[in-house]
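The primary structure of each chain is shown beneath.
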Amino acid sequence: MTQPGQMNVLLITCDQWRADCLGCAGHPVVRTPHLDRLAQEGVRFAAHYCQATPCGPSRASLYTGMYQLNTRVVANGTPLAARHTNIAKELRRGGYDPVLSGYTDQANDPSLAEGALDPALHYYGDALPGMRSLNTHPGGSSGHLATSWIQWLQELGYSIPPAMVSGLGRGKPFGTGGYAAVGQKGAVLGGEPEPARTLGQGGFQHATDAEGIPVAAFYKAEHGDTAFAVNQVLTHVSSRRGGLWACHLSVFKPHPPWLAAEPFNSHYTAATAGLPDYRAPTKAEEGTLHPWLAHRLSQTATVAPDDDATMALLRSQYYAVIEETDNQLGRLFGELRKSGELERTLVVFTTDHGTSWEY
């Protein structure tokens with residue numbers, strides 16, 4: 001039952017979405033028509049900043065409304081103490097039954113574990129306390145999207161690359177994370193390891209065809225992980241039959257691997273993507289900005305490309321994944337609008353943190 005004046009709540013987070021990569025923010029290349037419309041019909045907070053990086057600490061602040069120094073979540077996998085309230089608990093106090101489609105990147109409080117062997121201590125990513133997970137595909141993980149999504153792909157008849165599922169069930173919450181670490185220290189952005197563009201000792205490579213077009217994902221756009229997560233939201237909303245609902249849609253994209261499905265993979269090229277506006281000529285010069293930055297730039301894993309050609313290619317597929325994600329969000333908004341749900345729903349779109357282009 002809804003109370004007079006109460007609205008549904010839809011909180012959408014997309015992982016590693018740069019704040020400037022929106023048409024409504026004036027980006028000259030990337031296309032995000034559906035989020036642009038959301039901004040036009042609502043309010044865009046142009047000076048809104050995440051509180052920390054990487055995902056876990058940032059989301060702890062997002063979910064609790066506290067600074068990192070108070071959450072004490074300092075890295076991915078650092079537990080968020082159960083004593084803190086969060087957005088899900090507060091929604092419950094307001095009469096909502098908040099659900100999750102995706103993941104929250106929050107580790108379990110060890111004080112609540114049933115001994116040292118409790119599996120809850122061996123991984124992070126379960127649903128935020130107070131949220132019910134919709135990732136209930138048979139055999140799927142309660143807090144992780146990837147297992148449920150991959151099982152869905154298998155049921156649709158896809159042949160899943162073995163490396164994509166190698167990390168599942170062994171403390172790695174995202175199958176795409178395992179797929180991204182095949183045969184090198186960084187990330188495969190798309191296609192198979194050969195033929196591929198490789199850079200230095202580091203990390204990124206992306207297969208291209210004979211004309212230089214980045215290889216597409218092996219699945220159709222309507223079968224991607226974002227599409228799967230959106231499907232879960234729409235199914236849940238339909239089950240409420242006009243009743244009050246609150247849902248957190250936590251989308252993995254545009255987190256690497258930047259693997260876009262057709263036709264989005266071909267919408268952007270290295271030439272149209274261009275290069276960063278602010279980038280020092282060398283890593284050494286870039287590192288003079290801060291000792292920690294210098295340390296990170298000395299690493300060989302998950303470091304951005306040195307050469308301009310590979311950097312531009314990487315950027316093109318980052319934009320492609322963003323447009324693909326915007327397309328699925330547009331489908332979600334369209335279905336909610338058609339059913340009359342959108343006009344009585346508070347929609348909040350944000351990200352946990354951005355992605356650096358420099359190195």
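Visitor: Looking at this model, I keep getting lost on the overall build of the protein. Mind explaining?
Guide: Summing up its helical and strand segments, the protein has 12 helices and 9 strands in all. Across the protein, contacts joining residues at least 24 apart in sequence account for 69% of those joining residues at least 6 apart. Accessible surface, the protein as shown: approximately 16,800 Å² in total, 55% of it carbon and sulfur.

Visitor: Quick question: what am I supposed to make of a nonpolar patch on the surface here?
Guide: Taken together, the side chains of Met7, Leu346 and Val348 make up a nonpolar region of the molecular surface, amounting to roughly 230 Å² of accessible area. Tracing the backbone shows Val348 in strand 9 (residues 345-351). Residue Val348 is classed as partly exposed on the basis of its relative accessible area, which comes to 35%.

Visitor: Whenever I open this one, unusual backbone geometry confuses me. Can you help?
Guide: For residues that are not glycine, phi is negative in most cases, and the peptide bond is trans in most cases. Cis geometry is found at the peptide bond from Thr53 to Pro54, where omega equals 10 degrees. Take Pro54: it is sitting in the loop between helix 1 (33-41) and helix 2 (55-64). The omega angle of the peptide bond from Glu262 to Pro263 is 0 degrees, so this bond is cis rather than trans. For Pro263, the position within the fold is in the loop between strand 8 (246-251) and helix 9 (270-273). The backbone of Asp105 sits at a positive phi, close to 60 degrees, despite the residue not being glycine. In this fold, Asp105 is placed in the loop between strand 2 (99-101) and strand 3 (106-107). Notably, Arg241 is not glycine yet its phi reads approximately 50 degrees, a positive angle. Among the structural elements, Arg241 can be located in the loop between helix 8 (225-240) and strand 8.

Visitor: It is not clear to me how the confidence of the model for the protein should be interpreted in this structure. Could you clarify?
Guide: Keep in mind that low pLDDT regions are not for reading the predicted coordinates in detail. Looking at the protein as a whole, its pLDDT mean stands at 83, while 80% of the residues score no less than 70. Within the model, the stretch residues 139-143 combines pLDDT values under 50 with 19 contacts to residues more than four positions away or in other chains. Scored below 50 in pLDDT, residues 168-203 makes 93 contacts in the model with residues more than four places away or belonging to other chains.

Visitor: Could you clarify how one ought to interpret the pattern of salt bridges in this entry?
Guide: Here the idea is simple: oppositely charged side chains can pair when their charged atoms come close. Here the structure, examined in full by the defined rule, presents 14 salt bridges. The shortest N-O distance in the salt bridge between Asp20 and Arg18 comes to 3.0 Å. Salt-bridge contacts for Lys253 lead to Asp225; the nearest nitrogen and oxygen are separated by 3.1 Å. Of this pair, Lys253 sits in the loop between strand 8 and helix 9 while Asp225 sits in helix 8; the two residues are 28 residues apart in sequence, bridging distant segments of the chain. As far as the burial class goes, Lys253 and Asp225 line up, both buried.

Visitor: What should I look at first to understand helix 2 in this one?
Guide: Counting along an α-helix, one turn takes 3.6 residues, and residues three or four places apart therefore face a common direction. A large share of helix 2 lies buried, amounting to 9 of its 10 residues. For helix 2, the full list of buried residues reads Cys55, Gly56, Pro57, Ser58, Arg59, Ala60, Ser61, Tyr63 and Thr64. The inward-facing, buried residues of helix 2 abut strand 1 (8-14), helix 3 (68-71), helix 4 (87-93), strand 3 and strand 8. With its phi angle positive at about 75 degrees, Gly65 sits one or two positions after the end of helix 2.

Visitor: Is there a simple way to explain the packing of aromatic side chains in this structure?
Guide: Centre distance and the angle of the planes are the two values used to describe a pair of aromatic rings. Applying the stated criterion across every chain, the model contains 9 aromatic pairs. Look at Trp149 and Tyr219: their rings are 5.3 Å apart centre to centre, the planes differ by 85 degrees, and that puts the pair in the edge-to-face class. Taken together, the residues Trp149 in helix 5 (residues 145-155) and Tyr219 in the loop between strand 7 (205-206) and helix 8 connect sequence positions 70 residues apart. Here Trp149 and Tyr219 have matching classes, each one buried. Taken together, a centroid distance of 6.0 Å and an interplanar angle of 65 degrees make the contact between Tyr268 and Tyr319 edge-to-face.

Visitor: Looking at this structure, how should I read the packing of helix 1 against helix 12 (residues 308-338)?
Guide: Two measures define how a pair of helices packs: the angle their axes make with one another and the distance between the axes. The geometry of helix 1 relative to helix 12 is characterised by a closest axis approach of 7 Å and an angle of 50 degrees between their N-to-C directions. In terms of axis orientation, helix 1 runs oblique to helix 12. When helix 1 is examined against helix 12, the residues Pro33, His34, Leu35, Arg37, Leu38 and Glu41 are found in contact with a partner set consisting of Asp326, Asn327, Leu329, Gly330, Phe333 and Arg337. For the contact of helix 1 with helix 12, the residue count by class is 5 nonpolar, 3 polar and 4 charged.

Visitor: Help me understand the packing of helix 5 against helix 8 in this model?
Guide: Between helix 5 and helix 8, the shortest axis-to-axis distance is 10 Å and the interhelical angle comes to 100 degrees. As the angle between them shows, helix 5 and helix 8 are arranged roughly perpendicular. Taken together, the residues of helix 8 that come into contact with helix 5 (itself represented by Leu145, Ser148, Trp149 and Trp152) are Asp225, Phe228, Ala229, Asn231 and Gln232. When grouped by side-chain class, the residues that make up the contact of helix 5 with helix 8 number 5 nonpolar, 3 polar and 1 charged.

Visitor: So what exactly am I meant to see when it comes to the environment of Thr32 here?
Guide: Here Thr32 is to be found in the loop between strand 1 and helix 1. We classify Thr32 as buried; its relative accessible area is 0%. Separated by 293 residues in sequence, Thr32 and Thr325 place their C-alpha atoms 8.8 Å apart. Beyond its immediate sequence surroundings of up to four residues, Thr32 is in contact with Trp17, Cys21, Leu22, Gly23, Ile322 and Asp326. Side-chain polar atoms of Thr32 contact the backbone nitrogen of Gly23, separated by 2.8 Å.

Visitor: I'm lost on the side chain of Asp352 in this one. Help?
Guide: Counting through the fold element by element, Asp352 comes out in the segment after strand 9. You can call Asp352 buried: its relative accessible area is 1%. Contacts of Asp352, omitting those with residues within four sequence positions, involve Cys14, Asp15, Gln16, Cys50, Ala52, Cys55, Ser58 and Arg59.

Calculation rules
Residues numbered from 1 in each chain as written. Predicted model: local features only at pLDDT ≥ 70, side-chain atom pairs only at ≥ 80, totals over all residues. Heavy atoms only, no water. Helix = DSSP H or I, 4+ residues; strand = E, 2+ residues; numbered from the N terminus. Contact = heavy atoms within 4.5 Å. Areas by Shrake-Rupley, 256 points an atom, 1.4 Å probe, with all protein chains shown as cover. Patch = residues over 30% accessible without salt bridge, like charges linked within 9 Å, V, L, I, M, F, W, Y side chains within 5 Å. Salt bridge = Lys/Arg side-chain N within 4 Å of Asp/Glu carboxyl O. Buried < 20%, exposed > 50% of the residue type's maximum accessible area, 1.4 Å probe, protein only. pLDDT = per-residue confidence, 0-100. Phe/Tyr/Trp six-rings, centres within 6.5 Å; stacked < 30°, edge-to-face > 60°. Axes fitted to C-alpha atoms, helices over the stretch in contact; angles between N-to-C directions. Parallel < 35°, antiparallel > 145°, perpendicular 65-115°, else oblique. Nonpolar A, V, L, I, M, F, W, Y, C, P; charged D, E, K, R; others polar. Polar contact = N/O pair within 3.5 Å; in protein donor to acceptor, adjacent residues only side chain to side chain.

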